[in-house]
Amino acid sequence: MDPMVEWIAAHALRLWALLLLLALLAGDLAWRHNARWHRHALARGNAPTALRWQVGLVLLLALALLFLAIASAVAGQPPGELARFDAGLAESLRAQLPLPVLRAIAAVTHLGDLWWVAPAAAGVALLLLLRRHGQLAGMWTLTLLGIMPINGSLKALFQRVRPLHDHGFVIEPGWSFPSGHAFGSIVFYGMLAYVLLRLLPPRFHRAVIAAAVLLVGVVGISRILLQVHYFSDVMAGYAAGAAWLVLCISAAEHLRKPAAEVQP
């Protein structure tokens, strides 16, 4: 067994906390940058947007390349370094993480389950319609409806078998790559953050971004610790989900622009 892989497994919980902290710092940095650009746009008399098309295009290209790089690394024959790292990490986590810790992580991972995401998505759509935000409700619904067919198609394409997990706290059928929980959580919580940023006063925006980043990070990394997904499954799920999220937010901002431009 690779000593580095064993070290990562032995310090998995500390690394999880560190990764969540770094993600929160990155989200806060992005919020600061966007808030500064928002103020500059208002000062110039322009209508600010949540995602400029140039930034969206760069993000789409970067996420697509990241997904393709991960996919080619795990699907190649013979297996490359990433696939060997995946297998070694899953085996080490299975041997080292105690059952009480896995039980606690299993409770957290349900924040990305379909039985929670689907009713919550329907509730948000209904509230938006009741508040007469029809266009936003339509984009919200389209974004969430895209999760299962896109992720399901990718799973069927790659047909990667899940790592061995026999703790019994979470039983997952189906293929492993890319992670549906990682894909779904970044789309659901990311789009929810976008909706809230559209509707809530600016003083709440920082907390909204932090909460979304935290929830996405918790759900995705929990799948690795529970050994129901490989590391690369989750990273690929994040990349593919983020690409779909960026595409949908860009479309929502494009539809919103004419309404903003006619305001006095």
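Refer to the structure presented above.
Residues numbered from 1 in each chain as written. Predicted model: local features only at pLDDT ≥ 70, side-chain atom pairs only at ≥ 80, totals over all residues. Heavy atoms only, no water.

### Quick look at a nonpolar patch on the surface
On the surface, Leu18, Leu19, Leu21, Leu22 and Leu25 cluster together to form a nonpolar patch covering roughly 470 Å² of accessible area. Checked against the element boundaries, Leu22 lands in helix H2 (residues 12-43). (Patch = residues over 30% accessible without salt bridge, like charges linked within 9 Å, V, L, I, M, F, W, Y side chains within 5 Å. Areas by Shrake-Rupley, 256 points an atom, 1.4 Å probe, with all protein chains shown as cover. Salt bridge = Lys/Arg side-chain N within 4 Å of Asp/Glu carboxyl O. Helix = DSSP H or I, 4+ residues; strand = E, 2+ residues; numbered from the N terminus.)

### Looking at the packing of aromatic side chains
Given two aromatic rings, one states the distance between the centres and the angle between the planes to describe the pair. Taken as a whole, this structure holds seven aromatic pairs when the rule is applied. Here the aromatic rings of Phe67 and Phe177 are separated by 5.8 Å at their centres, their planes lie at 35°, and the arrangement is tilted. Of this pair, Phe67 sits in helix H3 (residues 53-75) while Phe177 sits in the loop between helix H8 (147-158) and helix H9 (180-199); the two residues are 110 residues apart in sequence, bridging distant segments of the chain. One exposure class covers both Phe67 and Phe177, and it is buried. With a centroid separation of 5.6 Å and 85° between ring planes, the pair formed by Phe85 and Phe231 is classed as edge-to-face. Of this pair, Phe85 sits in helix H4 (residues 81-96) while Phe231 sits in helix H11 (residues 231-261), placing them 146 residues apart in sequence. (Phe/Tyr/Trp six-rings, centres within 6.5 Å; stacked < 30°, edge-to-face > 60°. Buried < 20%, exposed > 50% of the residue type's maximum accessible area, 1.4 Å probe, protein only.)

### Looking at the side chain of Ser176
For Ser176, the location among the structural elements is in the loop between H8 and H9. We classify Ser176 as buried; its relative accessible area is 0%.

### Re the packing of helix H6 (residues 114-130) against helix H7 (residues 134-145)
Contact geometry of H6 with H7 gives a least axis separation of 8 Å together with a crossing angle of 165°. Relative to H7, H6 is oriented roughly antiparallel. Considering only the axes of H6 and H7, their crossing is left-handed. Contacts from Val117, Ala121, Val124, Ala125, Leu128 and Leu129 in H6 reach Gly134, Leu136, Ala137, Trp140, Thr141 and Leu144 in H7. Here the contact of H6 with H7 is built from residues that sort into ten nonpolar, two polar and no charged. (Axes fitted to C-alpha atoms, helices over the stretch in contact; angles between N-to-C directions. Parallel < 35°, antiparallel > 145°, perpendicular 65-115°, else oblique. Left-handed = near helix turned anticlockwise from the far one by under 90°. Contact = heavy atoms within 4.5 Å. Nonpolar A, V, L, I, M, F, W, Y, C, P; charged D, E, K, R; others polar.)

### Things to note about unusual backbone geometry
Geometrically, the link from Phe177 to Pro178 is a cis peptide bond, its omega value of -10° lying close to zero. As for its position among the elements, Pro178 is in the loop between H8 and H9. In this model, Gln159 sits at a positive phi of 50°, which is unusual for a non-glycine residue. We classify Gln159 as partly exposed; its relative accessible area is 46%. One non-glycine residue, Gln227, adopts positive backbone phi at about 60°. In this fold, Gln227 is placed in the loop between helix H10 (205-225) and H11.

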